[in-house]
Amino acid sequence: MRFDLTEEQKLLEKDARNYCQGRFGRDALREFVSKPFFNKERWLEMANQGWLGAVVSEEHGGLGLGVGGIFPLLREAGKALVPLPLWESGVVASLLLGEQGDKDSGHRTLEALAEGRAIATVALFEEADIVEPTCVSLTARRDGDSFVLSGQKPIVAFGADADWLIVLARSDAGTTDLSGLTLFAVPANTPGVRATDLPMTDVTYRFAKVEFNEVPAAAGSVIGEVGNAAALLQRVIPRAQVALCAEMLGGCDKVLEMCVEYSKQRVQFGRPIGSFQAIKHRLADMYLKVSAAQGLAYAAVKEVDNGGGAGSLVKVAKAMCNDAYRFITHEGVQVHGGIAFTWEHDMHLYFKRALRYRNTLGTSSRLMYEVGLALAGGGL
């Protein structure tokens, strides 16, 4: 399927590539890995480019772009392993906050996010953020017109750095499915919120366990309608999944580039290893994987930007990108050999990022299971 970039997208792709290569090169990434921190300077630079408010509507100070509009930016971010919550704050949280019940509060928050004065992160489904309603244990108890949040979100990206936490809680304790779920926008400095740094396999990101100990949440903090988060998530999650596909494709691009370059430089038995049939086959398989995943991702982009995304196409695209990123990074390790998992080399960083993304907003097996159910029921 063809997906020709518009002139605006080509310009964004070029600007994003130049910026990411210049600001998030090997030395910058090593600095973050050695001592993870939130780089406020880089965050403000990205805000000044308009990237943090790309999906925010123009009335809230953003650019009002769809997923297709920011796809090149996210792909370049994934290629550089940008250690900032661009996807969490600039895409998912921004899309959700546009539905906040208190319009004035939502407007102020979105403006702050677009201008880089604040960051937001999302804590939806628990247990590695798999899209599964039974994995929501955070409760929201009624207290007059307000709510009280109790429980925890065990793995939250940049949870200790965010100014706003977008959390999914069970407002009806008698349910275990998607009914009775409510989304809240909670200021991170609210009494009772406690974030603890959490070391993870993906060392290119910061994570935290966030605990909610009788945290008050005003009625205005509700996103969408009380008990009806499922309908809102059904609209937003497909766009978030496609945006994540962009980052995964960027990672695939970079790993394939690294492998091709290494196969030209590494010499064994008096010749570059790229001349050996076994290496050629690996590289060809990697190229085919990323090409197939790219075609599905582009189709999914068109679907969500045209108002769709509730069907199976987005799920198949996310599953294929999961598998492609995992396969390509695994093969990248094989091409490079033992050097790939030395601390000085970048290959293992992409491998670990691939492992995390395959568990974010749906594993391949879960997504394809849902597609199978839809097919069995006569739908797509």
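If you're wondering where the values come from, they're calculated on a predicted model, not measured in any experiment. (Residues numbered from 1 in each chain as written. Predicted model: local features only at pLDDT ≥ 70, side-chain atom pairs only at ≥ 80, totals over all residues. Heavy atoms only, no water.)

**Description of the packing of helix H4 (residues 67-79) against helix H7 (residues 229-265)**
Convention followed: Whenever a helix is involved, its axis is fitted only over the stretch in contact; in every case the axis is a line through C-alpha atoms, and angles between N-to-C directions fall within 0 to 180 degrees. Helix and strand assignments come from DSSP, with helices taken as H or I runs of at least 4 residues and strands as E runs of at least 2, each series counted from the N terminus. Our angle categories are set so that under 35 degrees counts as roughly parallel, over 145 as roughly antiparallel, 65 to 115 as roughly perpendicular, and the remainder as oblique. Here is the rule for handedness: rotate from the far helix to the near one, and if that takes an anticlockwise turn smaller than a right angle the crossing is left-handed, while a clockwise turn gives right-handed. We call two residues in contact whenever any of their non-hydrogen atoms come within 4.5 Å of each other. Residues were grouped as follows: Ala, Val, Leu, Ile, Met, Phe, Trp, Tyr, Cys and Pro as nonpolar; Asp, Glu, Lys and Arg as charged; and all remaining residues, including Gly, as polar.
Where H4 meets H7, the axes come as close as 7 Å, and the angle between the chain directions of the two elements is 40°. One way to sum up the angle between H4 and H7 is to call them oblique. Between H4 and H7 the crossing geometry is right-handed. Contacts between H4 and H7 pair Val67, Phe71, Leu74, Arg75, Gly78 and Lys79 from the former with Arg239, Val242, Ala243, Ala246, Glu247, Leu249, Gly250, Gly251, Asp253, Lys254 and Glu257 from the latter. Residue classes in the contact of H4 with H7 are distributed as seven nonpolar, three polar and seven charged.

**Structural notes on the pairing of strand E4 (residues 164-170)**
The criterion, for reference: Exposure classes here rest on a 1.4 Å probe applied to the protein chains alone. A residue is buried below 20% of its type maximum, exposed above 50%, and partly exposed in between. Strands were regarded as paired on the criterion that DSSP finds at least two bridges between them.
E4 sits mainly inside the fold: seven of its seven residues count as buried. Residues Trp164, Ile166, Leu168 and Arg170 line one face of E4 and the alternating positions Leu165, Val167 and Ala169 line the opposite face, and both faces are buried. Both strand E1 (residues 120-123) and E4 contribute to a ladder of four bridges, which runs parallel. Note that in E4 the partner of valine 122 across the bridge is isoleucine 166. As paired elements, E4 and strand E5 (residues 181-187) share seven bridges and run antiparallel to each other. In the strand pairing of E5, alanine 169 is matched with threonine 182.

**Some words on the environment of alanine 243**
Structurally, the position occupied by alanine 243 is in helix H7. Residues alanine 243 and alanine 300, spaced 57 residues apart in sequence, show a C-alpha to C-alpha distance of 9.9 Å. Filtering out sequence-adjacent residues up to four positions away, alanine 243 remains in contact with Val67, Leu74, Trp87 and Val91.

**Some points on the side chain of arginine 206**
To keep things clear, this is the line we draw: Two N or O atoms count as a polar contact when they lie within 3.5 Å, although within protein this holds only if one can serve as hydrogen donor and the other as acceptor, and sequence-adjacent residues are included solely when both atoms are side-chain atoms.
Counting through the fold element by element, arginine 206 comes out in the loop between strand E6 (193-197) and strand E7 (207-217). Classification of arginine 206 by relative accessible area gives buried; the value is 14%. Of the polar contacts made by the side chain of arginine 206, one reaches the side chain of aspartate 161; its length is 2.7 Å. With sequence-adjacent residues up to four places away left out, arginine 206 is seen in contact with Phe32, Pro36, Phe37, Phe38, Val156, Ala157, Phe158, Ala160, Asp161 and Asp197.

**Thoughts on unusual backbone geometry**
Of note, leucine 81 is a non-glycine position whose phi angle comes to about 50°, a positive value. Tracing the backbone shows leucine 81 in the loop between H4 and helix H5 (86-97). If you check the backbone angles, phenylalanine 158 has positive phi at about 50° while not being a glycine. Position of phenylalanine 158 among the secondary structure elements: in the loop between strand E3 (146-157) and E4. Using a relative accessible area of 1% as the deciding quantity, one classes phenylalanine 158 as buried.

**Looking at the pattern of salt bridges**
We count it as follows: Here, a salt bridge means any side-chain nitrogen of Lys or Arg that lies within 4 Å of a carboxyl oxygen of Asp or Glu.
Taken as a whole and judged by the stated rule, the model has 20 salt bridges. With a closest N to O distance of 3.8 Å, lysine 10 and glutamate 7 form a salt bridge. Taken together, the positions of lysine 10 and glutamate 7, both in helix H1 (residues 7-23) and three residues apart, correspond to about one turn of that helix. A salt bridge links glutamate 13 to arginine 17; the shortest N-O distance between them is 3.7 Å. Taken together, the residues glutamate 13 and arginine 17, both in helix H1 and four residues apart, mark about one turn of the helix. Here glutamate 13 falls in the partly exposed class, since its relative accessible area comes to 23%. Owing to a relative accessible area of 27%, arginine 17 belongs among the partly exposed residues under this scheme. One continuous salt-bridge network, built from bridges that share partners, spans Arg23, Glu41, Arg42 and Glu45.

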